[in-house]
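# Chain and residue survey
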Amino acid sequence: MRKSFVAGIGLAAALVATVALARPPGPDEIGEFYFYFDTAGNVVGEAQLSCDGVLTESGVRTAKYSSGHMICPPPRD
């Protein structure tokens, strides 16, 4: 019983790690944005890292995506 419980915990941890690694990419640079699509080509999610460095996400991330960059104004001194 105890061995199967420990094995189950190990399997669950491996599954969680695999799911975390399999997540589609998202914005990691200032001004970058992503749109995520379903198999029919409909937008089902989006994510962006604004020019101010604020990350916003909505919907779901999928393996089908398109990305781009906003034009951010230069910082004022």
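Source: prediction; values computed, not measured. (Residues numbered from 1 in each chain as written. Predicted model: local features only at pLDDT ≥ 70, side-chain atom pairs only at ≥ 80, totals over all residues. Heavy atoms only, no water.)

## Some remarks on the overall build of the chain
Across its full length, the chain holds 1 helix and 4 strands. For the chain, the α and β elements follow one another from N to C terminus as α-β-β-β-β. For the chain, the proportion of contacts with a sequence separation of at least 24, taken over those separated by at least 6, is 41%. Here the chain displays about 6,100 Å² of accessible surface, and carbon together with sulfur accounts for 63% of that area. (Helix = DSSP H or I, 4+ residues; strand = E, 2+ residues; numbered from the N terminus. Contact = heavy atoms within 4.5 Å. Areas by Shrake-Rupley, 256 points an atom, 1.4 Å probe, with all protein chains shown as cover.)

## Some words on the confidence of the model for the chain
Per-chain confidence: the chain averages 84 in pLDDT, with 73% of residues scoring 70 or above. Mean pLDDT across the secondary structure elements of the chain bottoms out at helix H1 (residues 2–21), with 61, and peaks at strand S2 (residues 43–49), with 97. (pLDDT = per-residue confidence, 0-100.)

## Some words on the sheet that holds strand S4 (residues 64–69)
Pairing is antiparallel across the open sheet formed by 4 strands, whose spatial order is S3-S2-S1-S4. Sheet topology places strand S3 (55–59) and S4 at the edges, where each strand pairs with a single neighbour. Between one strand axis and the next, the sheet turns by 10° as a mean value, whatever way the strands run. (Pairing = 2+ DSSP bridges. Axes fitted to C-alpha atoms, helices over the stretch in contact; angles between N-to-C directions.)

## Brief notes about the pattern of salt bridges
Across all of its chains, the model carries 1 salt bridge by this definition. Between Arg 61 and Glu 57 there is a salt bridge; the shortest N-O distance is 3.0 Å. (Salt bridge = Lys/Arg side-chain N within 4 Å of Asp/Glu carboxyl O.)

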